[in-house]
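Structural features, examined
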Amino acid sequence: MKRPESAAELERAARAGELVESETLEVKAEISGRPGAVATHVCAMTLAGGLVICGIGEDQQGRPTVPKPFSLRGQRERVADLVRGGIAEPPRVVVHALPLADDPDRGYLIVEVPASDRAPHQVIVGEGEGRYFGRGAAGRRILIEGEIARLYAQRGQPAFDAAAHLDELVRSAPEPPSPRFSDMHAFVRPRVPDPGIGRAALGDDTDQSLWNELLVAAQHAPLARGDYEPALRHGAQYHDRTGDAWILTRRGQISRDEVRIWLRCAIRFDGEVRLFCGRAGDAEWTQGKKLLFDGVVAGNFASLLGIAGAYLERAGYAGGVDVGVRLTGLKGGELPEVAPRLMFEPHYPDDDYERTASFSANELRPPEPITVRLLGDFAAALWGAPRPLFKSE
């Protein structure tokens, strides 16, 4: 959530029920005096980054909706000292005081914890001494040995070149470039790929059982605006297992004698999930005009994030991920059937669109925020103005 800038803004958000604890938000009634408590909360936030809000208590339903301002005197310094003294290699934090308008000595504290390149950080005092913490949907949790090892391995890795990785995905795409079609190439990749991720995700289940669970994750991704096909959420016509990945494929008839791969999702044993979509745009039946389908792009990209999030969660992976998407063959493409009803018909000006970013694995679900962040500019350029990507927006 966006960090509240004032005590009044925080109180309004609390009373409205907007403070919902998540991987990136923890809400406490007070600054705990227990040794290591503050250090534990901060350590858990360093994987994905987030906020620890102090001064909001719970109502009878256990929701953080009750403002409980406290004396601010010396509290910012106290929190900073608790972090420095309670965590090995203390992470960077910023402590914000939100004083009450009518009583500046009282108010709330927000501890802002950026995602740390040096995570995981170890708590060295109190009940959590010697342990490493992360956060999940249910709140703070203790990291297990495999997660800690992977996170430590991230530290020594050279910088990942996402653009070069997208170049490789385009070169190895299952369908060659075609003047008729626009394509999407996308990936979600653990900061440190590890073949053990696939083994951990599969566990004692069958391949089919794993595919079924990941399909459910794709179906739980938000619906893009309009009906769209191909859709990863509809499942795959073909499943296969190669030496390094599970492959899910959907094909479509593009002429009487020709079939094209519409979708191919590769769930790699090293934790990476790749997606090829061969119908981000199509020039058939439009007198040579190529129509671009923002719904196909957004809907399938959100499903990719949902699958990757579920896959890494099954494997117990809580580290960083790199995410990238490239759309190719766009230049001159137009809006679909609604275009004639507009005052103008925008044509996409560039041949390619590309965005990359880094996140925590915990941020992959729900997939809407990342999808909007990485694809919102594409939709805005296509429509000539910002446009909601999903039906719920």
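Residues numbered from 1 in each chain as written. Predicted model: local features only at pLDDT ≥ 70, side-chain atom pairs only at ≥ 80, totals over all residues. Heavy atoms only, no water.

Glancing now at the overall build of the protein. Along the backbone of the protein there are nine helices and 17 strands. Since a compact globule built from 393 residues should have a radius of gyration of about 21 Å, the 24 Å found for the protein is in line with a globular shape. Considered along the principal axes of its C-alpha atoms, the protein spans approximately 75 × 50 × 40 Å. Buried positions account for 53% of the 393 residues belonging to the protein. Accessible area for the protein stands at about 18,100 Å²; split by element, carbon and sulfur atoms hold 49% of it. Computing the positive centroid from 48 side-chain charges and the negative centroid from 56, the protein places the two 1 Å apart. (Helix = DSSP H or I, 4+ residues; strand = E, 2+ residues; numbered from the N terminus. Rg over C-alpha atoms; globule rule 2.2 N^0.38 Å. Buried < 20%, exposed > 50% of the residue type's maximum accessible area, 1.4 Å probe, protein only. Areas by Shrake-Rupley, 256 points an atom, 1.4 Å probe, with all protein chains shown as cover. Lys, Arg positive; Asp, Glu negative; His and termini not counted. Charge placed at Lys NZ, Arg CZ, Asp CG, Glu CD.)

A few words on the nonpolar core. Ile-267, Phe-301, Val-321, Val-323 and Leu-364 are the most contacted members of the largest nonpolar core, which has 64 residues in total. Excluding residues within four positions of it along the chain, Val-321 makes contact with Val-188, Arg-189, Pro-190, Arg-191, Leu-312, Ala-357, Ser-358, Phe-359, Ser-360, Ala-361 and Leu-364. Grouped together as the second largest cluster of nonpolar side chains are 20 residues, Val-79, Ile-87, Leu-109 and Phe-133 included. (Core = buried A, V, L, I, M, F, W, Y, C linked by side-chain atoms within 4.5 Å. Contact = heavy atoms within 4.5 Å.)

So, on to the packing of aromatic side chains. Throughout the structure, instances matching the rule amount to seven aromatic pairs. With a centroid separation of 6.0 Å and an interplanar angle of 80°, the aromatic rings of Phe-160 and Phe-187 are classed as edge-to-face. Residue Phe-160 is found in the loop between helix H4 (145-155) and helix H5 (162-171), and its partner Phe-187 is found in strand E10 (residues 181-190); the two are separated by 27 residues along the sequence. Look at Phe-160 and you get partly exposed, because its relative accessible area is 26%. For the pair Tyr-353 and Phe-378, a centre-to-centre distance of 5.6 Å together with 55° between the ring planes defines the contact as tilted. Highlighted residues: Tyr-353 in strand E17 (residues 353-360) and Phe-378 in helix H9 (residues 368-383), separated in sequence by 25 residues. Look at Phe-378 and you get buried, because its relative accessible area is 2%. Linked through ring pairs, Trp-246, Phe-269 and Tyr-311 together constitute an aromatic cluster. If you follow Arg-279 out to its NZ or CZ, it ends over the ring of Trp-262, 5.6 Å from the centre. (Phe/Tyr/Trp six-rings, centres within 6.5 Å; stacked < 30°, edge-to-face > 60°. Lys NZ or Arg CZ within 6 Å of the ring centre and 35° of its normal.)

Right, let's get into the pattern of salt bridges. Evaluation of the coordinates by the stated rule reveals 31 salt bridges. Residue Glu-168 pairs with Arg-171 through a salt bridge whose shortest N-O separation is 3.1 Å. One end of the pair, Glu-168, and the other, Arg-171, are both in helix H5, three residues apart, so they sit about a helical turn from each other. Among the ionic pairs, Arg-314 bridges to Glu-213, the shortest N-O distance being 2.5 Å. Residue Arg-314 is located in helix H8 (residues 294-314), and its partner Glu-213 is located in helix H7 (residues 207-219); the two are separated by 101 residues in the primary sequence. (Salt bridge = Lys/Arg side-chain N within 4 Å of Asp/Glu carboxyl O.)

The next thing to look at is the environment of Ala-149. Here Ala-149 lies in helix H4. The spatial distance from the C-alpha of Ala-149 to the C-alpha of Pro-120 is 9.3 Å, given a sequence separation of 29 residues.

This part is about the pairing of strand E7 (residues 103-113). Relative to E7, strand E2 (residues 50-54) runs antiparallel, the two sharing five bridges. What sits directly across from Ile-53, in E7, is Ile-110. Relative to E7, strand E5 (residues 70-71) is paired through two bridges, and the arrangement is antiparallel. Paired with Phe-70 across the bridge in E7 is Gly-107. A loop of two residues connects strand E6 (residues 94-100) with E7, the two strands running antiparallel in sequence. (Pairing = 2+ DSSP bridges.)

At their nearest, the axes of H7 and H8 sit 7 Å apart, and the two run at 135° to each other. Comparing their axes, H8 and H7 come out oblique. Classified by chirality, the crossing of H8 by H7 is right-handed. Here Leu-210, Glu-213, Leu-214, Ala-217 and Ala-218 of H7 come into contact with H8, specifically with Ser-303, Gly-306, Ile-307, Ala-310, Tyr-311 and Arg-314. (Axes fitted to C-alpha atoms, helices over the stretch in contact; angles between N-to-C directions. Parallel < 35°, antiparallel > 145°, perpendicular 65-115°, else oblique. Left-handed = near helix turned anticlockwise from the far one by under 90°.)

Turning our eyes to something else, we now look at the confidence of the model for the protein. When pLDDT is averaged along the protein, the result is 88; 94% of the residues meet or exceed 70. Here residues 339-344 is a poorly scored stretch, pLDDT under 50, and it has five contacts once near neighbours within four places are set aside; other chains count. (pLDDT = per-residue confidence, 0-100.)

What follows concerns the layout of surface pockets. Where empty space is left can be seen by rolling a probe of water-molecule size over the atoms. The space that makes up the largest pocket amounts to roughly 470 Å³. Every residue lining the largest pocket is counted, 27 residues in all, and those nearest its centre are Asp-117, Gln-154, Arg-191, Gly-320 and Ser-358. Among the residues making up the lining of the largest pocket, the classes are represented as eleven nonpolar, eight polar and eight charged. (1 Å grid on protein atoms, 1.4 Å probe; cavity = no way out; pocket = protein on both sides within 12 Å on 5 of 7 lines; lining within 4 Å. Points joined across faces, edges and corners; volume = space filled by probe spheres on them. Nonpolar A, V, L, I, M, F, W, Y, C, P; charged D, E, K, R; others polar.)

Residue Pro-120 follows Ala-119 across a cis peptide bond; omega there is 10°. Its location among the elements puts Pro-120 in the loop between E7 and strand E8 (133-136). With a phi close to 50°, Glu-89 is a non-glycine residue in the positive phi region. Summarising the element assignment, Glu-89 is placed in the loop between helix H3 (75-86) and E6. By relative accessible area, Glu-89 is classed as partly exposed at 39%.

Turning next to the state of the cysteines. Applying the stated rule across the entire model yields zero disulfides. Among the cysteines around Cys-43, which has no disulfide bond, Cys-54 carries the closest sulfur, lying 15 Å off. In this structure Cys-277 is a free cysteine whose sulfur lies 12 Å from that of Cys-265, the closest cysteine sulfur available. (Disulfide = S-S within 2.5 Å.)

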